[in-house]
Amino acid sequence: MRLHRTFRVVLPCATALAAAAACASGMSGGSGVWVPGSVSGRVVDVAGSPIANAAVRASGGAATVTDGNGEFRLPGLPAGQRARVNVSAANFAETTKVFPVVAGRDTRQDAIVLISQGAPVRFDARAGTTLSLAMGGQVRIPANALVRANGQPAAGMAVAQVATIDPRDFGQLAGGPGELSVGSGAQQRPLVSGGMLRVQLTDEGTGERLDLAPGQRAEIQLPADMVTRDSWPILGERDQGRNIESDTVPVTAIYLFDLNVGEWRWIDTLTATPGSNFVTGFTPTLGPWINLDKPAVRTCVQVQVLQTGGAPRPNVLVAAFGVDYNGYTQGYTDDAGRATLLARRNSLVLVTSGGKQQTVVTPGVETPCVDAGTL
């Protein structure tokens, strides 16, 4: 299923530049009165069916649950910030979406996708286990490696549930946290994904979350053809995703989604497993989403989103999916309805917003951006 996520807002604030700045910061028209913003959305599965009773919590503590139609709204959020909204439900992997909060406006995302978890796997917490992945490969948890939240060693029976994302499927790709990019500013790069996974570990008796102890690591193995798609090199040298200047040098690595900042960060380099068709990497935690990625050389796509009748649509979400690479980035339109999105060079990119879409070929240089026209 190809999902098109939109970003709807109500616009009570003035459009003059000075008033717009006050609106974004949360100050109402220079009166000194603080005006909060809100976020809302609809939580669905990959097939687009609503998920009721999903827990929704924003950074800062505001929380609610979805209704029978998967709808939620979180009012009273501080304006001028990026709210990290965590969404979870029974038998689904938790995900995180980032919403810009604007004073006096409701920021809406129509389809927040949750990925279903696999069947529970019981194992002896002290003995460890090896978990098979739906996309091929495995996760190996060593013996005596798990601890409780208080740091005490885990004992007794544990339960593991694994969720995976095949990045070739747009519907699944939209269910990953954040967007697929690393770095910021001039150093920001799109990430090309070889697959995502999340392992939830709990104590069978108490339901308490378990994770790897400090200094312990879990081994991840994936089929080499999964992570060498798009001619990815498998390099042993650690680069940590920085200063990537050409597609001939990026490393293929493990990235972890950092809930504190709502971004992906480098963890470990993947290396070829001798005598097999697998690549191997290690992670110090199994709680967050894990992504097997390669940073790509950046360029940009510009698009304008219009309302029926031709007026610009400000503050709407625009997404860019890689057609010939496994990538997903997003941006938001300005007052003129224009948005600029990160993308990989020399690639085919699908740009979508509000159920409309346009496909463009990106240039072989960073700038100027390719113009995708109007949606």
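Our subject is the structure that appears above.
Please read these numbers as outputs of a predicted model, since none were measured by experiment. (Residues numbered from 1 in each chain as written. Predicted model: local features only at pLDDT ≥ 70, side-chain atom pairs only at ≥ 80, totals over all residues. Heavy atoms only, no water.)

It is not clear to me how unusual backbone geometry should be interpreted in this structure. Could you clarify?
Here the residue pair Thr367 and Pro368 is connected by a cis peptide bond, since its omega of 0 degrees sits within 30 degrees of zero. By secondary structure assignment, the location of Pro368 is in the loop between strand E30 (356-361) and strand E31 (370-374). Positive phi, close to 60 degrees, is recorded for Asn53, a residue that is not glycine. Tracing the sequence through the fold places Asn53 in the loop between strand E2 (37-44) and strand E3 (55-58). Exposure remark for Asn53: the relative accessible area of 62% places this residue in the exposed category. A positive phi is found at Asn91, a non-glycine position, where the angle reads about 70 degrees. Among the structural elements, Asn91 can be located in the loop between strand E6 (82-88) and strand E7 (92-93). (Helix = DSSP H or I, 4+ residues; strand = E, 2+ residues; numbered from the N terminus. Buried < 20%, exposed > 50% of the residue type's maximum accessible area, 1.4 Å probe, protein only.)

Sorry if this is basic, but what is going on with the packing of aromatic side chains here?
The geometry of an aromatic ring pair comes down to the distance between the two centres and the angle between the two planes. Within the structure shown, the criterion is met by three aromatic pairs. Geometrically, the ring pair formed by Phe170 and Phe321 is stacked, given 4.7 Å between the ring centres and 25 degrees between the ring planes. With Phe170 in helix H2 (residues 170-173) and Phe321 in strand E26 (residues 317-322), this residue pair connects regions lying 151 residues apart in the sequence. Judged by its relative accessible area of 11%, Phe170 is buried. Geometrically, the ring pair formed by Phe321 and Tyr328 is tilted, given 5.0 Å between the ring centres and 45 degrees between the ring planes. In this pair, the class of Phe321 matches that of Tyr328, namely buried. A network of ring pairs unites the aromatic residues Phe170, Phe321 and Tyr328 as a single cluster. (Phe/Tyr/Trp six-rings, centres within 6.5 Å; stacked < 30°, edge-to-face > 60°.)

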